[in-house]
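If you want the building blocks of each chain, they are given just below.
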Amino acid sequence: PVVYLPITIWGGNLFPKSLPSESVAYFRLMMVFAVLHAATHALGAFYTGTGRGWVVMRINIVANATNILMNYLLIFGIAGYLPSMGITGAAIGSVVGESVALVALLLCFLAKRNRHLYDTGSAIFNRQIIVSCIRIGVPLSLVHITEMSCWSAVGIMLSLAGGDFVTVFAVGQN
């Protein structure tokens, strides 16, 4: 949240004025809920670390199916029932899909079996473990931040060159 909040507030000003305002709205909405993504990965790491990556895979399949369904419904709408929301609907659909993953992982994390085996129900601060996690996590996080910053810089440069360049870039990324 400490990193996401300033980016959410002032990051939209970095976009060229030639981009549609909906793009900036999408960016801000995704940044407001970016903490969900971080929490989902943190909980997913618990399962990977305990040798149960299949839990994360199954939950991600359900979450991605939810994301696809919600994106379709919210982007295009349903005549007479749900208005078409366009790019805002895409952002909301993505947040709903990520929320499904987070809630499912959290429920599994707090399940009786995990509380018994790993004491997941107690929240005791252990300075030594936190420092160890920070030593491991900060360098990896900096790599990811650098990668995403470069990707964003390329996107901004291409948007300054024109919409066709952005389209080709987006298609190539997917």
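Remember, predicted model here, so these are calculated numbers, not experimental data.

J.: If you had to explain helix α7 (residues 127-161) to someone new, which residues and values would you point to?
T.: Between the first and last C-alpha of α7 there are 49 Å, a value that for 35 residues agrees with the 51 Å anticipated at 1.5 Å per step. A distance of 3.1 Å separates the backbone nitrogen of Gln 128 from a side-chain oxygen at the start of α7, and that oxygen is part of Asn 126. Looking one or two places after α7, you find Gly 162, whose phi comes out positive at around 135 degrees.

J.: Give me the lowdown on helix α4 (residues 53-76), citing residues and values where you can.
T.: For α4, spanning 24 residues, the distance from its first C-alpha to its last is 34 Å, which sits close to the expected 34 Å at 1.5 Å a residue. Of the surrounding secondary structure, the elements contacted by the buried residues of α4 are α3 (34-49) and α5 (86-109). Phi for Gly 77, located one or two positions after α4, is positive at around 75 degrees.

J.: Before we move on, could you go through the packing of helix α2 (residues 21-32) against α5 and cite the residues and values that matter?
T.: Contact geometry for α2 and α5: axes closest at 9 Å, N-to-C directions at 15 degrees. The angle between α2 and α5 places the two elements in the roughly parallel class. In this structure, α2 meets α5 at a crossing whose hand is right-handed. Of α5, the residues touching α2 (which contributes Glu 22, Ser 23, Tyr 26, Leu 29 and Met 30) are Ile 87, Thr 88, Ala 90, Ala 91, Ile 92, Ser 94 and Val 95. Here the contact of α2 with α5 is composed, by residue class, of eight nonpolar, three polar and one charged.

J.: Let's hear about the confidence of the model for the protein: which residues, and what values?
T.: Residues at a pLDDT of 70 or more form 89% of the protein, whose mean pLDDT is 86. Within the protein, the element-level pLDDT minimum falls on helix α1 (residues 4-10), averaging 69, and the maximum on α4, averaging 95.

J.: Quick rundown of the nonpolar core? Include the residues and the values.
T.: Leu 43, Tyr 47, Ile 59, Leu 105 and Phe 109 are the most contacted members of the largest nonpolar core, which has 13 residues in total. At the level of elements, α3, α4 and α5 are the ones that each hand at least two residues to this core. With five residues, the single largest contributor to this core is α5. Leave out the neighbours within four places in its chain, and Leu 43 touches Leu 102, Leu 105, Leu 106 and Phe 109.

J.: Just give me the short version of the packing of α4 against α5, but keep the residues and values in it.
T.: Two numbers describe how α4 lies on α5: the axes approach to 8 Å, and their chain directions differ by 155 degrees. With respect to α5, the element α4 is oriented roughly antiparallel. When you trace α4 past α5, the crossing you get is right-handed. Grouping the amino acids of the contact of α4 with α5 by side-chain chemistry returns 15 nonpolar, nine polar and no charged.

J.: Mind laying out the packing of aromatic side chains, listing which residues take part and the relevant values?
T.: Evaluated as defined, the whole model comprises four aromatic pairs. Geometrically, the ring pair formed by Phe 46 and Tyr 47 is edge-to-face, given 4.9 Å between the ring centres and 80 degrees between the ring planes. Overall, the relative accessible area of 1% leaves Tyr 47 in the buried class. Look at Phe 46 and Phe 109: their rings are 4.9 Å apart centre to centre, the planes differ by 85 degrees, and that puts the pair in the edge-to-face class. Taken as a pair, Phe 46 in helix α3 and Phe 109 in helix α5 lie far apart in primary sequence, 63 residues in all. Given a relative accessible area of 18%, Phe 109 falls into the buried group. In textbook terms, an aromatic cluster arises when at least three aromatic residues are bridged by ring pairs, as seen for Phe 46, Tyr 47, Phe 109 and Tyr 118.

Cut-offs and rules
- Throughout this document, residue positions are counted from 1 along each chain, in the order its sequence is written.
- It should be noted that, the model being predicted, local features are given only for residues of pLDDT at least 70 and side-chain atom pairs only at 80 or more, the latter also being counted only at that level, while totals for whole chains, interfaces and linings use all residues.
- Only hydrogens and water are set aside; all other atoms, that is, all heavy atoms of the structure, feed into the side-chain values.
- The way it works is that DSSP assigns letters per residue, a run of H or I at least four long becomes a helix, a run of E at least two long becomes a strand, and they are numbered from the N terminus.
- Expected helix span is computed as 1.5 Å times (number of residues minus one).
- Here a polar contact means two N or O atoms within 3.5 Å. Within protein one must be a hydrogen donor candidate and the other an acceptor candidate, and residues neighboring in sequence count only if both atoms are side-chain atoms.
- Note on definitions: a residue-residue contact is assigned when non-hydrogen atoms from the two residues lie within 4.5 Å.
- Angles run from 0 to 180 degrees between N-to-C directions of axes, and those axes are lines fitted to C-alpha atoms, restricted for helices to the stretch in contact.
- Here the word oblique covers every angle except those under 35 degrees (roughly parallel), over 145 (roughly antiparallel) and from 65 to 115 (roughly perpendicular).
- In a left-handed crossing the near helix is turned counterclockwise from the far helix by less than a right angle, and in a right-handed crossing that turn is clockwise.
- Classes in brief: Ala, Val, Leu, Ile, Met, Phe, Trp, Tyr, Cys and Pro nonpolar; Asp, Glu, Lys and Arg charged; the others, Gly included, polar.
- Confidence of the predictor at the level of single residues is captured by pLDDT, which takes values from 0 to 100.
- The criterion is simple. A nonpolar core is a set of buried Ala, Val, Leu, Ile, Met, Phe, Trp, Tyr and Cys residues joined through side-chain atoms within 4.5 Å.
- Buried residues are those whose accessible area, probed at 1.4 Å on protein chains only, stays under 20% of the maximum for their type, while exposed residues exceed 50% and partly exposed ones sit between those limits.
- Centres within 6.5 Å are what make two rings of Phe, Tyr or Trp a pair, Trp counting through its six-membered ring; a difference in plane orientation under 30 degrees is then read as stacked, over 60 as edge-to-face, and the rest as tilted.

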